[in-house]
Amino acid sequence: MRRFALTAFALLCGVGSAAAAPLALPPNTPIYFQFNNLELVSAQPTLVLPGNYTAGAIGLPAGVTTASTQNNWGVFNVSSMQIGAPTGPPHTDIAGGPTFFADDGPGGANGMITGIFYGIQNTSATTATSGYIDLWWHDAGQDTTLGSTFAAEAACIAGTAAQCAPNATGVGNFTTSNGGIFLARLDFASGIQPLNPVTTIASTCDPTTVTGTCNADSYANVDTSTAALANAPWAQILNGDWFNTAFGTRDVRFSNIFFLNSGGQWNLKSNDPGRAFTSDQVPEPATLTLFGLGLAGLARARRKKNQN
């Protein structure tokens with residue numbers, strides 16, 4: 001029986017690794033994750049995404065084109081994901097805990113979670129509306145778009161590496177390049193100001209004149225407005241509707257800590273804790289099929305052994 005159990009375990013490991021796939025998030029679980037951002041910001045909505053970014057077959061949000069302008073956009077990587085724990089009043093916040101994913105640098109064994117945020121429109125010096133976040137996965141062995149070593153990735157996040165400049169190459173590095181897999185789109189949503197149904201992001205200072213450290217807070221919802229978005233690998237699992245606001249439930253909460261970038265290629269850098277409570281989710285049909293075939297194979301092997 002022990003040998004049978006070990007064989008089953010080995011088979012299940014093989015099912016998980018037979019084809020490259022994005023990191024699987026645990027269902028019905030509070031998650032705390034850390035972003036490192038590089039950003040461009042302008043007092044006037046004149047910024048255009050370089051490189052004709054369209055999110056591949058997913059496409060851009062309704063009303064957004066490659067020529068659309070904005071006040072703020074940037075790229076990011078996820079440095080860690082942790083099993084969190086709810087804290088404070090019910091359905092308001094999540095604290096960090098044990099790490100289940102850590103970015104080990106380009107070429108590492110863990111893969112990489114990166115992305116882009118865009119479409120943010122200022123409504124005052126300290127508030128904004130609209131905005132989108134596209135999350136992307138890069139398999140281990142195909143996550144070398146930020147550089148060949150962990151030091152090169154650090155240089156990218158510091159805003160000092162040429163391959164991470166705010167240009168078409170930089171956008172591609174954090175999104176579609178080298179086998180990037182689209183994970184989910186998050187739409188910034190109201191609720192961070194209880195009496196304001198328009199504001200999606202609120203900060204403690206004007207990001208266009210920041211000289212020290214400032215904070216910004218926001219909520220976001222998973223975008224499932226099209227079949228392609230709804231079927232993206234992380235769309236349903238992140239669609240937890242856990243956070244309560246005056247304007248309805250929200251899927252993700254962000255707390256940005258941003259400051260002036262000294263690298264000269266980007267205006268700002270930021271460290272952005274995000275929190276989500278994942279939904280209940282069953283394995284995809286293809287995974288269930290593989291699992292069923294594996295169990296059938298084990299049953300045949302066991303019967304054959306008993307017959308000998």
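What counts and how
- Throughout this description, residue numbers start from 1 for each chain and increase along the sequence as written.
- Residues qualify for local features only when their pLDDT is at least 70, as the model is predicted, and side-chain atom pairs are given and counted only at 80 or more; totals for whole chains, interfaces and linings, by contrast, use all residues.
- Note that water and hydrogens are dropped before the side-chain values are worked out from all heavy atoms of the structure.
- To pair, rings of Phe, Tyr and Trp, with the six-membered ring standing in for Trp, must have centres within 6.5 Å; the planes then decide the type, stacked if under 30 degrees apart, edge-to-face if over 60, and tilted in the middle.
- Using a 1.4 Å probe on the protein chains alone, a residue whose accessible area is under 20% of its type maximum counts as buried, one over 50% counts as exposed, and one in between counts as partly exposed.
- Secondary structure elements are taken from DSSP: a helix is a run of H or I of four residues or more, a strand is a run of E of two residues or more, and numbering for both begins at the N terminus.
- Think of a 1 Å grid over the protein atoms and nothing else: a 1.4 Å probe that fits but is trapped marks a cavity, an open set flanked by protein within 12 Å on at least five of seven lines marks a pocket, and residues with an atom within 4 Å of a point count as lining.
- Grid points are joined across faces, edges and corners, and a volume is the space filled by probe spheres set on the points.
- Following the grouping adopted for this structure description, the nonpolar residues are Ala, Val, Leu, Ile, Met, Phe, Trp, Tyr, Cys and Pro, the charged ones are Asp, Glu, Lys and Arg, and the polar ones are all others, Gly among them.
- In this description, a disulfide is simply a cysteine sulfur pair whose atoms lie within 2.5 Å.
- Every residue gets a pLDDT, meaning the predictor's confidence in that residue, from 0 to 100.
- The contact rule is simple, with two residues in contact once any of their heavy atoms fall within 4.5 Å.
- Definition used in this section: a nonpolar core is a set of buried Ala, Val, Leu, Ile, Met, Phe, Trp, Tyr and Cys residues joined via side-chain atoms within 4.5 Å.
- Each pair of strands is called paired provided DSSP finds at least two bridges between the two strands.

K.L.:
Any details on the packing of aromatic side chains? Residues and values, ideally.
P.N.:
According to the stated counting rule, one finds 13 aromatic pairs in the structure shown. Each ring, one from Phe33 and one from Phe35, has its centre 5.3 Å from the other, and the planes form 65°; the classification is edge-to-face. What makes Phe35 buried here is its relative accessible area of 4%. In this structure an aromatic cluster arises from ring pairing among Phe33, Phe35, Phe76, Phe188 and Phe254.

K.L.:
Give a detailed account of unusual backbone geometry, specifying residues and quantitative values.
P.N.:
Even without being a glycine, Ser130 presents a positive backbone phi close to 65°. Locating Ser130 in the fold gives a position in the loop between strand 9 (127-129) and strand 10 (132-138). Using a relative accessible area of 25% as the deciding quantity, one classes Ser130 as partly exposed. Notably, Asp241 is not glycine yet its phi reads approximately 50°, a positive angle. Within the fold, Asp241 resides in the loop between helix 5 (235-238) and strand 14 (243-245). With a relative accessible area of 40%, Asp241 lands in the partly exposed category.

K.L.:
Explain empty space enclosed by the protein residue by residue, including any values.
P.N.:
Under the counting rule described, the total for this entry stands at two cavities of 30 Å³ or more. Space inside the largest cavity adds up to approximately 370 Å³. What lines the largest cavity is a set of 27 residues, and nearest its centre among them are Glu39, Asn72, Ile201, Ala216 and Asn256. Here the second largest cavity is characterised by a volume of approximately 80 Å³. Those elements that place two or more of their residues in the lining of the second largest cavity are strand 1 (30-41) and strand 4 (72-83). Grouping the amino acids of the lining of the second largest cavity by side-chain chemistry returns 10 nonpolar, no polar and no charged.

K.L.:
Summarise the state of the cysteines; cite the residues concerned and give the values.
P.N.:
The final tally for this structure, using the stated rule, is two disulfides. Put simply, Cys156 and Cys164 are joined by a disulfide, and their sulfur atoms are 2.3 Å apart. Classification of the bridge connecting Cys156 and Cys164 rests on its S-S torsion, roughly 75°, and on that basis the disulfide is right-handed. Considered together, Cys156 and Cys164 belong to a single accessibility category, that of buried residues.

K.L.:
How would you explain the confidence of the model for the protein if you had to name every residue and give the values?
P.N.:
When pLDDT is averaged across the protein, the result is 85; 83% of the residues are at 70 or more. In the predicted structure, residues 1-19 sits below a pLDDT of 50 and forms 10 contacts with residues beyond four places in sequence or in another chain. Across residues 285-308 the pLDDT falls below 50, and counting only partners more than four positions away or on other chains, this stretch makes 11 contacts in the model.

K.L.:
Can you lay out the nonpolar core for me, pointing to particular residues and giving the numbers?
P.N.:
Counting residues in each nonpolar core, the largest one holds 61 residues, and the members touching the most others are Trp73, Met81, Leu135 and Trp234. Non-local contacts of Leu135, meaning those with residues more than four positions away in its chain, are made with Phe35, Phe76, Thr114, Ile181, Phe182, Leu183, Ala184, Leu186, Trp234 and Leu238. Counting seven residues, the second largest nonpolar core, distinct from the first, contains Ile192, Ala202, Tyr219 and Phe277.

K.L.:
Can you explain the pairing of strand 13 (residues 213-222)? Please cite residues and give values.
P.N.:
Within strand 13, seven of the 10 residues are buried, which leaves it mostly tucked inside the rest of the structure. Across four bridges, the pairing between strand 11 (residues 181-189) and strand 13 is antiparallel. Pairing of Asp187 across the sheet is with Asn221, part of strand 13. By the bridge criterion, three bridges tie strand 12 (residues 201-203) to strand 13 in an arrangement that is antiparallel. From the neighbouring strand, Ser203 faces strand 13, where its bridge partner is Ala216. Bridge count for strand 13 against strand 16 (residues 252-260) is eight bridges, and the pairing is antiparallel.

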